Amino acid sequence: MWKIVICGTITTASALGCAYLLVDSSSEDQERESRDTVLDGAAELGNARLHRISPLPRRSLPPPPSSALHMASLHGPSPVPPHQMLAILFGLLSFLLGMYVSATMDRWNTLRNNCIGKLWGTIENLCILSGAIWSRGTYEDKASRHLVLRYGLASHALFFKQARGDDLSAGLQEMVEQNVLTDEERKVLEKLPAPSQVVISWLTTFFFRAISEAPAGRTPVPHAREMLPYILEKCCGMRDGVGHGMAIVNCQQPFNYVQLMSFITNTVLLLNAVYTGCMLGVYQNDQGHSWSHHGSGFLYFVAMLLRVVFVTIVYSGLLDVSANVHLSHHSRPASAHVRDCASHYMY
């Protein structure tokens, strides 16, 4: 963004120099024309003094409608002033850039709330249900609660590792050392393309067997017939969150659309810098080729310079924010950076 600000300032200075040269070269012609105008006015004044009494001028009749239309067609429509044209371009840019930023932030919010948030919320709900159903201190109940927590954390961690594109073998080995996975489970998951969803399928199978079969030593699930569809729906919701999140990560916005927004933004900022430089050059010529540090000239110069810098920072900042958010959930959506969806705080 600072590169764009520097380029805009250089462009403004170049336009200022060009306007200064053009206006300076035409200043002699303007002085000659003004001198001729003064001489013509003096001659007319002398003639008026010689002829004190002059006949009344004849009243000129208005031209017929056809003549007026003919003159209007010859002159043509009046051109749009440069500042109005620039205002129209900035309005169009604000509308298009607002839609682009809104679409980018909607994708980020969807990834955060409907994918990661849904996954983590379902894991917490299943842990609460497990603690309420298998609440006794027997070995089977403790193992059941531990299995639900372990598979939930494993699916969550594997989703982040897969989204970041980390080395799966190293990540699985790290999870084995943290007692989140066993060594047998690591060997199975290394050969599969979607390990997070596989762990969710294991968790779904465990709940189905624990509720429908009720193994010996484990507390039977009360109202098993009503609880089974609810828990299976929660497990399918976990898989939906993971699949939706990976679709957002792997499918970026159309490249042509992103490049078009960048081109329009840079073009409008360039035109704004050129217009500012030309206006400064014209104003400097009107003030006699000098800037007054205590008058309106210096304030006008500062205001136009702030216009170039402020407008460039705002529009380039919006474009950079959209690009950074887009890259954050496309290349590394689950890093520990502040702007990204961090996973370490959930543990």
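Here the structure is shown first, and the text comes after it.
Rules of the game
- Residues numbered from 1 in each chain as written.
- Predicted model: local features only at pLDDT ≥ 70, side-chain atom pairs only at ≥ 80, totals over all residues.
- Heavy atoms only, no water.
- Helix = DSSP H or I, 4+ residues; strand = E, 2+ residues; numbered from the N terminus.
- Buried < 20%, exposed > 50% of the residue type's maximum accessible area, 1.4 Å probe, protein only.
- Contact = heavy atoms within 4.5 Å.
- Areas by Shrake-Rupley, 256 points an atom, 1.4 Å probe, with all protein chains shown as cover.
- Phe/Tyr/Trp six-rings, centres within 6.5 Å; stacked < 30°, edge-to-face > 60°.
- Axes fitted to C-alpha atoms, helices over the stretch in contact; angles between N-to-C directions.
- Parallel < 35°, antiparallel > 145°, perpendicular 65-115°, else oblique.
- Left-handed = near helix turned anticlockwise from the far one by under 90°.
- Polar contact = N/O pair within 3.5 Å; in protein donor to acceptor, adjacent residues only side chain to side chain.
- Core = buried A, V, L, I, M, F, W, Y, C linked by side-chain atoms within 4.5 Å.
- Expected span 1.5 Å × (residues − 1).
- Nonpolar A, V, L, I, M, F, W, Y, C, P; charged D, E, K, R; others polar.

## Focus: the overall build of the protein chain
Line of reasoning, step 1. Counting its secondary structure elements, the protein chain contains 11 helices and zero strands.
Line of reasoning, step 2. Residues counted as buried form 34% of the 347 residues belonging to the protein chain.
Line of reasoning, step 3. Here the contacts in the protein chain between residues at least 6 apart in sequence split such that 77% fall between residues at least 24 apart.
Line of reasoning, step 4. Total accessible area on the protein chain is roughly 21100 Å²; 64% of this is exposed by carbon and sulfur atoms.

## A few points about the packing of aromatic side chains
Line of reasoning, step 1. Applying the stated rule across the entire model yields seven aromatic pairs.
Line of reasoning, step 2. Here W134 and F206 contribute two aromatic rings whose centre-to-centre distance is 5.8 Å and whose plane-to-plane angle is 55°, an arrangement assigned as tilted. Remark: F206 occurs in helix α8 (residues 195-212) and W134 occurs in the loop between α4 (82-133) and α5 (139-164); sequence separation between them is 72 residues.
Line of reasoning, step 3. A relative accessible area of 12% places F206 in the buried class.

## A few points about the packing of α4 against helix α10 (residues 255-286)
Line of reasoning, step 1. Viewed as axis vectors pointing N to C, α4 and α10 meet at an angle of 155°, and their least axial separation amounts to 10 Å. In terms of axis orientation, α4 runs roughly antiparallel to α10. Judged by the sense of rotation from one axis to the other, the crossing of α4 with α10 is left-handed. Together, P82, H83, L86, L89, F90, L93, L96, L97, M99 and Y100 of α4 and Y257, V258, M261, I264, T265, V268, L271, N272 and Y275 of α10 make up the contact between the two elements.

## Describing the side chain of R150
Line of reasoning, step 1. Mapped onto the fold, R150 is located in helix α5.
Line of reasoning, step 2. For R150, the side chain forms a polar contact with the side chain of E185, separated by 2.8 Å.
Line of reasoning, step 3. Once residues within four sequence positions are removed from consideration, R150 is found in contact with N179, V180, L181, T182 and E185.

## Quick notes on the nonpolar core
Line of reasoning, step 1. L126 and F207 are the most contacted members of the largest nonpolar core, which totals 43 residues.
Line of reasoning, step 2. At the level of elements, α4, α5, α6 (168-177), α8 and α9 (224-250) are the ones that each hand at least two residues to this core.
Line of reasoning, step 3. With 10 residues, the single largest contributor to this core is α5.
Line of reasoning, step 4. Ranked by size, the runner-up nonpolar core spans 13 residues in total, among them L86, M261, Y275 and Y315.

## Quick word on α5
Line of reasoning, step 1. Between the first and last C-alpha of α5 there are 37 Å, a value that for 26 residues agrees with the 38 Å anticipated at 1.5 Å per step.
Line of reasoning, step 2. Directly beyond the C-terminal end of α5, a positive phi value near 75° is found at G165.

## Focus: the packing of α5 against α6
Line of reasoning, step 1. It is the contact of α5 with α6, at a shortest axis distance of 11 Å, that shows an interaxial angle of 155°. It follows that α5 is roughly antiparallel to α6 by the angle criterion. In this structure, α5 meets α6 at a crossing whose hand is right-handed. Where α5 abuts α6, its residues A154, A157, L158 and K161 lie against L168, G171, L172, E174 and M175.
Line of reasoning, step 2. Considered class by class, the residues forming the contact of α5 with α6 number six nonpolar, one polar and two charged.

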